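Observations on the three-dimensional arrangement
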Amino acid sequence: MSQPNILFIMTDDHASHAMSCYGSKINKTPNMDSIANEGMLFNNCFCTNSICAPSRATILTGTHTHINGVKTLGDKLDNSILTFPALFRENGYQTGIVGKWHLGQGEKHWPKNFDYYNVLPGQGDYFNPVMVENGTSKVFEGYVTDIITDKCLEFLENRDEDKPFLLFCHHKAPHRPWLVSEEYRSHYIEDLPVPETFDDDYKNRAEAARRARMRVERDFNAVDLKIKTPEGYEPYDSLPVPDDISTLWYETLEGEKVTFSSKAQLKNWKYQRYMKEYLRCIDCVDDNIGRLLTYLEDNGLKDDTMVIYTSDQGFYLGDHGWYDKRFMYEQSLRMPLVIRYPSMIRPGSINDNMVLNLDFAQTLLDIAGIKQPKEMQGISFMNQLKGDHEAEVRKDMYYRYWMHLAHHNVAAHYGIRTKRYKLIFYYGKALGTSGSIDWNTDEEWELFDLEMDPNEMNNVYNRQEYSLIQAELKKRLYEIKAESKDDE
Ligand code: CA
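Thresholds applied
Residues numbered from 1 in each chain as written. Predicted model: local features only at pLDDT ≥ 70, side-chain atom pairs only at ≥ 80, totals over all residues. Heavy atoms only, no water. Domains from an automatic or database assignment. Contact = heavy atoms within 4.5 Å. Buried area = accessible area lost by both parts, 1.4 Å probe. Salt bridge = Lys/Arg side-chain N within 4 Å of Asp/Glu carboxyl O. Polar contact = N/O pair within 3.5 Å; in protein donor to acceptor, adjacent residues only side chain to side chain. Helix = DSSP H or I, 4+ residues; strand = E, 2+ residues; numbered from the N terminus. Core = buried A, V, L, I, M, F, W, Y, C linked by side-chain atoms within 4.5 Å. Buried < 20%, exposed > 50% of the residue type's maximum accessible area, 1.4 Å probe, protein only. Patch = residues over 30% accessible without salt bridge, like charges linked within 9 Å, V, L, I, M, F, W, Y side chains within 5 Å. Areas by Shrake-Rupley, 256 points an atom, 1.4 Å probe, with all protein chains shown as cover. Lys, Arg positive; Asp, Glu negative; His and termini not counted. Charge placed at Lys NZ, Arg CZ, Asp CG, Glu CD. Donors = N, O, S within 2.8 Å, 3.2 Å for Na, K, Ca; no water. Tetrahedral: all angles 85-135°; square planar, octahedral: opposite > 155°, others 65-115°.

**Looking at the domain arrangement of the chain**
Taken as a whole, the chain is organised into domain 1 (5-177 + 278-389) and domain 2 (398-483). Relative to domain 2, the C-alpha centre of domain 1 lies at a distance of 27 Å. Taken residue by residue, the interface counts 27 residues in domain 1 and 28 residues in domain 2. Of the roughly 2200 Å² buried between domain 1 and domain 2 on both sides combined, carbon and sulfur atoms contribute 61%. Counting the surface domain 1 buries against domain 2, the share from its top three residues, Arg326, Met328 and Tyr329, is 33%. Joining domain 1 to domain 2, the criterion identifies two salt bridges. Two residues, Lys422 and Glu330, come together in a salt bridge whose shortest N-O distance is 2.7 Å. Our count for the domain 1 to domain 2 interface comes out at 16 residue pairs in polar contact (both at pLDDT 80 or more). Put simply, the parts of the chain that give the side of domain 1 that touches domain 2 at least two residues each are strand 2 (40-46), helix 3 (65-68) and helix 9 (330-333).

Here's what the structure looks like:
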């Protein structure tokens, strides 16, 4: 097989339960779905550290975040570290990256070994963003999702037709604060249903869940909610729920004054404000993916191009009463992953096996026929893409979130997930990790039986009936931690 072109499209914080091919109850994503329908959908793709920069570093390097040095949002990727795109370039590919980078700035951290790069510094802006194009800063007029797509189309249009290409199209959307392109404002007029665990009371769980400050009810700020900042607050202050809400009112940026009849209604109103903006951002991404797919089709590139759609981690869409990510719970652990490549993948394939962001680099090297470096820590799932049922399948995974209490008051933790179980250890310390808060919390364990309790509402740690499996998982957790070369 000749080397395929690869178009790797990744968004920021798009949970798979906001994709119709994953059974979303709140939106439709026809272009993302078409990649799945004409290719393979992965039901169990997970990240090893559920935040932006670490997941991106893992994808590029094929190593855990404690190996590539990007454990936290404060860490930067040293661009002398081996990445899979560098190997692609060495092996005859034309390589490009457009959009979100988030792995540091300056000579030591900008993308290296790319024939073309045009990336947002830091988080980047939704409107009229500054972007750094092959080392030069420029302002691009317009909405970021459209601009990123335009620049990707330009890359494709100007490509060297004698070489296969590897192009990363990395969207900023739908990252907080969910700023919407005007033409999508009319989407989602009707109210959306809330998830099953919207009113989670965090009983029967570790204190870590209750302690987290990412509740829809009380942790959004005025910028998130698109309201004028109420008197006595700053724009980025959380807006707590007063005891008496009969006198509470907000003025929306659209100029509407809203009042509330109950705390439940206030919580639902905040959820609707959040979720509608989030979904509008995704609608715009989906349309822009459609533009790329049309280009491939119109230019005879469809059969020879592997198209991948994923996001750097999942997100809470009101699940457990939350927004944001970080925890090892399902909604933030799981990444959407759909892959189309007509020369290799049977249309309409569904894959329930566990794969990780850690596996992407080696899988793509394998597909391009490039040797996988021994430093990489993943497993190629190319044979699964080919539909080989005997292919090597991952049985468990190691997860670690390092930023103790740094953002949203989420405690650092590590854990193991198997097909059926998840064991999490909140070790309660900063361990000198950058950005962490040096305040010790109690050590706590959580064990979930995902078959009996898919919503992770009941911690069964230390329950008699789970004592055997608990001991086995704990032993395997420390094995897999050592195998991952995490000695902290
Ligand atoms: Ca992210």
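Here the narrative resumes, following the displayed structure.
**Examining the nonpolar core**
Grouped together as the largest cluster of nonpolar side chains are 98 residues, with contacts concentrated most on Tyr278 and Phe327. Looking at this core, the element that brings in the most residues is helix 8 (residues 263-298), giving 16 residues.

**Focus: a negative patch on the surface**
Residues Glu157, Asp160, Glu161 and Asp162 make up a contiguous surface patch of negative charge. Along the polypeptide, Asp160 turns up in the loop between helix 5 (144-157) and strand 7 (165-170). Classification of Asp160 by relative accessible area gives partly exposed; the value is 30%.

**Some points on the coordination of the calcium ion**
Only Asp12 (OD), Asp13 (OD), Cys52 (SG), Asp312 (OD), Asp312 (OD) and Gln313 (OE1) from the protein coordinate the calcium ion, and they sit 2.2 to 2.6 Å from it. Coordination at the calcium ion is irregular, judged from the six donor atoms that bind it and the angles of 52 to 166 degrees they form at the metal. Each donor residue of the calcium ion lies on the same chain, and together they follow the pattern D-D-x38-C-x259-D-Q. The class of Asp312 is buried, set by a relative accessible area of 0%.

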